[in-house]
Amino acid sequence: MNEKLKEKIRESLSSVLPITIIVLFLSVTLVPMEIGTLALFLTGAVLLIVGMGFFQLGAEMSMTPLGQGVGGRLVKGRRLSVIVVVCFLMGAIITISEPDLQVLANQVASIPNNVLIWTVAVGVGIFLAAAVLRILFQVGLSGLLMILYVLLFILSFFSPSEFTAVAFDAGGVTTGPMTVPFIMAVGIGLSAARSDKEGEGDSFGLIALCSIGPIMMVLLLGIFYHPTEAVYTAVEITPVITTRDVVYQFVEAFPDYTKEVIRSMLPVIGVLVVFQILTKNYRKRQLLRMGIGFVYTIVGLILFLTGVNIGFAPVGNLLGTGLSGSAFKWILIPIGIIIGYYIVKAEPAVQVLNEQVEDLTGGAVSRNMMNTALSVGVAGAVALAMVRVLTGINIYWVIIPGYMIALLLSRFVPKVFVGIAFDSGGVASGPMTSTFLLPLAMGASTAIGGNVVTDAFGIVALVALAPLIAVQLMGVIYAHKSRTVPALPEDLSDDIVVEFEEEKE
């Protein structure tokens with residue numbers, strides 16, 4: 001097996017394993033499960049681990065060089081109309097194939113999947129174009145984020161309450177393993193073309209702006225779109241008796257998910273084909289590597305979605321229902337804390353972020369400090385989400401003060417920490433949040449008779465909010481230690497570009 005693939009599968013294993021152990025422990029203590037149900041869960045977990053490994057390697061091999069190529073050509077062209085149109089189309093097309101978004105869309109019963117996916121895709125496309133223009137015209141990130149979030153909260157008061165939590169969740173799931181490599185590659189390519197030092201720091205912040213687009217578009221959808229009210233019912237897992245029954249459940253689902261994945265990936269492949277015909281940007285060896293990357297991506301997506309929807313998410317929902325229907329429903333909070341703590345520690349992209357901050361600060365803020373801050377922050381966010389499920393507290397009471405603190409901190413920390421912090425929000429809310437924590441919250445809300453749309457949804461948004469505060473607090477510590485507000489070291493973005501170039505080779 002490819003050594004790089006083994007590494008990605010090991011990373012996926014470290015992400016899924018803590019949740020699997022917790023589920024196994026609860027299945028023999030508080031929420032007994034039938035053997036067949038547990039077999040479905042374990043099979044789904046295996047498919048999830050292998051699928052995530054294939055998918056992450058495939059996205060790295062295909063989306064990163066595609067993003068670099070597009071970004072480089074846009075800078076050479078220098079035509080604003082072309083830059084805006086291309087960035088919009090690329091952002092929208094790639095978002096459609098984002099696995100976290102597809103998982104979220106399957107769980108929002110009140111909005112048809114395609115309506116939600118296309119709404120979010122348009123939002124990412126618009127704001128990717130806006131983010132690129134920000135780099136080219138050297139617009140400050142902190143002030144822009146403050147204006148946009150104020151507009152978001154004003155807009156949310158005109159949108160039905162049922163759409164608020166879903167909108168902020170959409171902002172968290174869209175910056176996933178498919179879109180992040182592409183967006184970061186575009187940003188680094190564009191900022192590298194600027195000769196000033198500010199251009200180096202501006203490579204951070206694209207993901208932050210691309211997270212705002214889906215929130216805004218879903219809130220607008222809530223104002224103009226009036227779906228029929230959906231009733232959420234407890235998930236019923238198909239009874240399975242033998243191991244053949246378990247295998248049959250997954251085999252039966254493979255064709256449907258294969259069609260869905262191929263349909264979502266064809267536009268992305270089409271972009272590569274058209275781009276290569278027009279620019280001749282890639283050599284044959286590069287095209288072959290990218291082609292293999294797309295194959296890995298498709299295989300990984302099929303395994304991922306099948307494992308999630310047949311075995312993993314339904315058991316999460318069942319677990320939430322069982323815990324909330326018992327006398328021990330408040331145990332959801334400590335369980336949420338444990339899961340939140342380990343989910344973010346196991347997220348590969350978070351570890352890359354921590355290393356970047358350690359390099360950036362010359363070790364003043366170590367990766368261990370970052371790990372602890374992010375783990376504690378996400379654990380607290382999941383705990384708050386579970387309190388919301390059990391009490392029905394409006395998400396505004398959490399998310400408005402949270403963003404006010406984050407935006408206030410952005411005025412007092414080194415500028416580069418602002419971009420890293422708001423980028424890390426999308427990084428931290430990885431696949432495990434939408435595939436397990438959200439179904440867990442939905443099952444718990446259904447069991448206690450709560451409103452699933454307003455009480456359970458929002459957990460992804462809170463997980464995405466925690467790093468905004470945690471990373472900027474690390475920036476405050478760094479500024480205090482150094483007694484200055486330093487500029488981004490000259491060699492940092494060079495190092496990042498070198499990393500991307502090595503992957504491209």
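Here the structure is shown first, and the text comes after it.
Residues numbered from 1 in each chain as written. Predicted model: local features only at pLDDT ≥ 70, side-chain atom pairs only at ≥ 80, totals over all residues. Heavy atoms only, no water.

Trainee: Just checking my understanding: could you explain the overall build of the protein chain for this structure?
Mentor: Scanning the protein chain from N- to C-terminus turns up 21 helices and zero strands. By residue count, 59% of the 505 residues in the protein chain fall in the buried class. The contacts of the protein chain with a sequence gap of at least 6 include a subset with a gap of at least 24, amounting to 87%. Roughly 20000 Å² of accessible area belongs to the protein chain as shown, and the carbon and sulfur atoms make up 66% of that amount. (Helix = DSSP H or I, 4+ residues; strand = E, 2+ residues; numbered from the N terminus. Buried < 20%, exposed > 50% of the residue type's maximum accessible area, 1.4 Å probe, protein only. Contact = heavy atoms within 4.5 Å. Areas by Shrake-Rupley, 256 points an atom, 1.4 Å probe, with all protein chains shown as cover.)

Trainee: Hey, could you run me through unusual backbone geometry in this one?
Mentor: Negative phi values dominate among residues other than glycine, just as trans dominates among peptide bonds. Positive phi, close to 50 degrees, is recorded for K280, a residue that is not glycine. By relative accessible area, K280 is classed as exposed at 63%.

Trainee: Is there a simple way to think about the packing of helix α5 (residues 113-137) against helix α10 (residues 206-224) in this case?
Mentor: Axes are the key here: two packed helices are described by the angle between their axes and the distance separating the axes. Contact pair α5 / α10: the axes reach a minimum separation of 7 Å and the direction vectors enclose 140 degrees. As far as their axial angle goes, α10 and α5 are oblique. Every pair of crossing elements has a handedness; the one defined by α5 and α10 is right-handed. Its residues assigned to classes, the contact of α5 with α10 shows 19 nonpolar, three polar and one charged. (Axes fitted to C-alpha atoms, helices over the stretch in contact; angles between N-to-C directions. Parallel < 35°, antiparallel > 145°, perpendicular 65-115°, else oblique. Left-handed = near helix turned anticlockwise from the far one by under 90°. Nonpolar A, V, L, I, M, F, W, Y, C, P; charged D, E, K, R; others polar.)

Trainee: Help me out: how do you make sense of a nonpolar patch on the surface in this one?
Mentor: The grouping of I147, V150, L151, I154, F157 and F158 at the surface amounts to a nonpolar patch, some 650 Å² of accessible area in total. Mapped onto the fold, V150 is located in helix α6 (residues 141-156). Overall, V150 belongs to the partly exposed group, its relative accessible area being 45%. (Patch = residues over 30% accessible without salt bridge, like charges linked within 9 Å, V, L, I, M, F, W, Y side chains within 5 Å. Salt bridge = Lys/Arg side-chain N within 4 Å of Asp/Glu carboxyl O.)

Trainee: Would you take a moment to explain the packing of aromatic side chains for this structure?
Mentor: The description of two aromatic rings rests on the distance between their centres and on the angle between their planes. If you walk through the whole model with that rule in mind, you get twelve aromatic pairs. On the basis of an interplanar angle of 45 degrees and a centroid distance of 6.1 Å, the ring pair of Y149 and F422 is categorised as tilted. Residue Y149 is found in helix α6, and its partner F422 is found in helix α17 (residues 415-428); the two are separated by 273 residues along the sequence. The exposure class of Y149 is buried, given its relative accessible area of 4%. Relative to Y342, the ring of Y341 has its centre 5.4 Å away and its plane inclined at 80 degrees; by these criteria the two rings are edge-to-face. Residue Y341 is classed as partly exposed on the basis of its relative accessible area, which comes to 30%. (Phe/Tyr/Trp six-rings, centres within 6.5 Å; stacked < 30°, edge-to-face > 60°.)

Keep in mind that these numbers describe shape and distance, not what the molecule does.
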